[in-house]
Amino acid sequence: MAIAGRVAIVPKGEWSANATYKRLDAVTHNNTLYFAKKEVPAGTVTSNTEYWSKSIAGGASAIATTEDAGVVKPDGKSMSVDESGTLSINLDGTTITLDEAKNVIKLADALKDKIGSALQPESIVNNQVTTETGYVLDARQANPNLDGTLAKQLSDLNGSLNNIGFKDVSDKLDTDHVTGAMSAVNIGKIVMVYFDIVPKAVSDNTTILPTGTIPNAYVYAYHSINTWGQSAIPDSLMAVRDDGSLAFWSGKESIGTRIFDSFIYFSR
């Protein structure tokens, strides 16, 4: 009978140049978490992507720097967080959410590009009138059916705000290893994966969704899955790869046990 390889992450603390590591060993370095993809020789730095996979998150309590991920705290003046955990921005006494701020920036960029091409910026003063007679907005800019016009840009921008995609990928699951349901919802670059599955066999970095099934992960996104209400059964593990496939690790104890959860990752 075949014996399954390592199927659980093993914490190894801070990375050491003098140590060797096994597949799925987890180390920290510069406030960032790394997972060993395979046997790692001593002295192999964490930036070597042949051996190490970088987590999408930095240290849980580390402060973010210009090079490493970590905790970012609002200053309480220009930015704040309310009781629900929503981040808000204060613009000249007006409080708006981060999503509203993004929409303002997108609109400002669209307006800037169109104003720059349709008008002479040097002829505009603070009272929003021109210094030269006859400088007005080209009437074509108000037509949303013409490519390149300001109205078309605004129409496209409003449409993109509702760009939410849903995909049921249950029929793509490798039924030799799992059965059940799985779906993905993407809002821009944010992807939410929902699943309700039952393992049928031991899985060790097994591809249960083929390449291109879900949006490609920005970097490998790992998710540890707790078997609800059954503490005696070890956690399983999923990883979204950067080719849009999904890997799965699950031990013998999980076979026949219902596993359901959801997780979020950033796509390319």
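That block above? That's the structure.
Figured I'd write up the structure that's included with this text. (Residues numbered from 1 in each chain as written. Predicted model: local features only at pLDDT ≥ 70, side-chain atom pairs only at ≥ 80, totals over all residues. Heavy atoms only, no water.)

Let's shift gears to the pattern of salt bridges. All chains considered together, the criterion is met by four salt bridges. Its salt-bridge partner being Asp196, residue Arg258 comes within 2.7 Å of it at the nearest N-O pair. Placement of the pair is Arg258 in the loop between β14 (246–250) and β15 (259–266) and Asp196 in strand β10 (residues 190–199), with a sequence separation of 62 residues. (Salt bridge = Lys/Arg side-chain N within 4 Å of Asp/Glu carboxyl O. Helix = DSSP H or I, 4+ residues; strand = E, 2+ residues; numbered from the N terminus.)

Another aspect to go through is the packing of aromatic side chains. In this structure the tally under the stated criterion is six aromatic pairs. Grouping aromatic residues by their ring pairs yields a cluster made of Phe35, Tyr220, Tyr222 and Trp249. A cation sits over an aromatic face here: Lys37 above Tyr220, 5.4 Å from the ring centre. Over the ring of Tyr51 we find Lys38; its NZ or CZ atom is 4.8 Å from the centre of that ring. (Phe/Tyr/Trp six-rings, centres within 6.5 Å; stacked < 30°, edge-to-face > 60°. Lys NZ or Arg CZ within 6 Å of the ring centre and 35° of its normal.)

Moving on to the nonpolar core. Counting residues in each nonpolar core, the largest one holds 22 residues, and the members touching the most others are Met182, Phe195, Met238 and Tyr265. At the level of secondary structure, the elements contributing two or more residues to this core comprise β9 (178–187), β10, β11 (203–209), β12 (221–225), β13 (236–240), β14 and β15. Ranked by the residues each element gives to this core, the list is headed by β10, at four residues. Sequence-distant contacts of Met182, that is, excluding residues within four places in its chain, are made with Asp168, Val169, Ser170, Leu173, Val193, Tyr194, Phe195, Ile208, Leu209, Met238 and Leu246. One finds Trp15, Tyr21, Val27 and Ala36 within the second-largest nonpolar core, a separate group that totals eight residues. (Core = buried A, V, L, I, M, F, W, Y, C linked by side-chain atoms within 4.5 Å. Buried < 20%, exposed > 50% of the residue type's maximum accessible area, 1.4 Å probe, protein only. Contact = heavy atoms within 4.5 Å.)

A word on the pairing of β13. For a regular strand, side-chain orientation follows a simple rule: the groups alternate between the two sheet faces. Burial analysis of β13 places five of its five residues in the buried class, the great majority of the element. The side-chain alternation of β13 yields two buried faces, one formed by Ser236, Met238 and Val240 and the other by Leu237 and Ala239. Bridge count between β12 and β13: five bridges; the pairing is antiparallel. Among the inter-strand pairings, Ile225 is bridged to a residue of β13, identified as Ser236. Strand direction decides the pairing type here: β13 and β14, joined by four bridges, are antiparallel. Bridge pairing in β14 places Met238 opposite Phe248. With antiparallel pairing between neighbouring strands as the criterion, β13 and β14 make up a hairpin whose turn holds five residues, including Gly244 at a positive phi of roughly 85 degrees. (Pairing = 2+ DSSP bridges.)

Moving on, we get to the sheet that holds β9. Sheet architecture is open: four strands sit in the order β8-β9-β10-β15, paired in antiparallel fashion. Looking at the sheet topology across the chains shown, the edges are occupied by β8 (164–168) and β15. Strand-to-strand twist across the sheet, computed as the mean angle between neighbouring axes with direction ignored, equals 15 degrees. Pairing geometry for β9 and β10, over 10 bridges, is antiparallel. Each residue of the ladder has a partner; that of Thr179, found in β10, is Val198. (Axes fitted to C-alpha atoms, helices over the stretch in contact; angles between N-to-C directions.)

A few words now on the sheet that holds β14. Sheets are built from strands that pair by backbone hydrogen bonding, the pairs being arranged parallel or antiparallel. Spatial ordering of the open sheet is given by β11-β14-β13-β12, a layout of four strands whose pairing is antiparallel. The open sheet has two free edges, formed respectively by β11 and β12, since each of these has just one partner strand. Neighbour-to-neighbour, the strand axes of this sheet turn through a mean angle of 25 degrees, independent of strand direction.

A word on unusual backbone geometry. One non-glycine residue, Leu24, lies in the positive phi region at around 75 degrees. For Asn205, which is not a glycine, the phi torsion comes out positive at approximately 60 degrees. Structurally, the position occupied by Asn205 is in strand β11. Judged by relative accessible area, which is 35%, Asn205 ranks as partly exposed.

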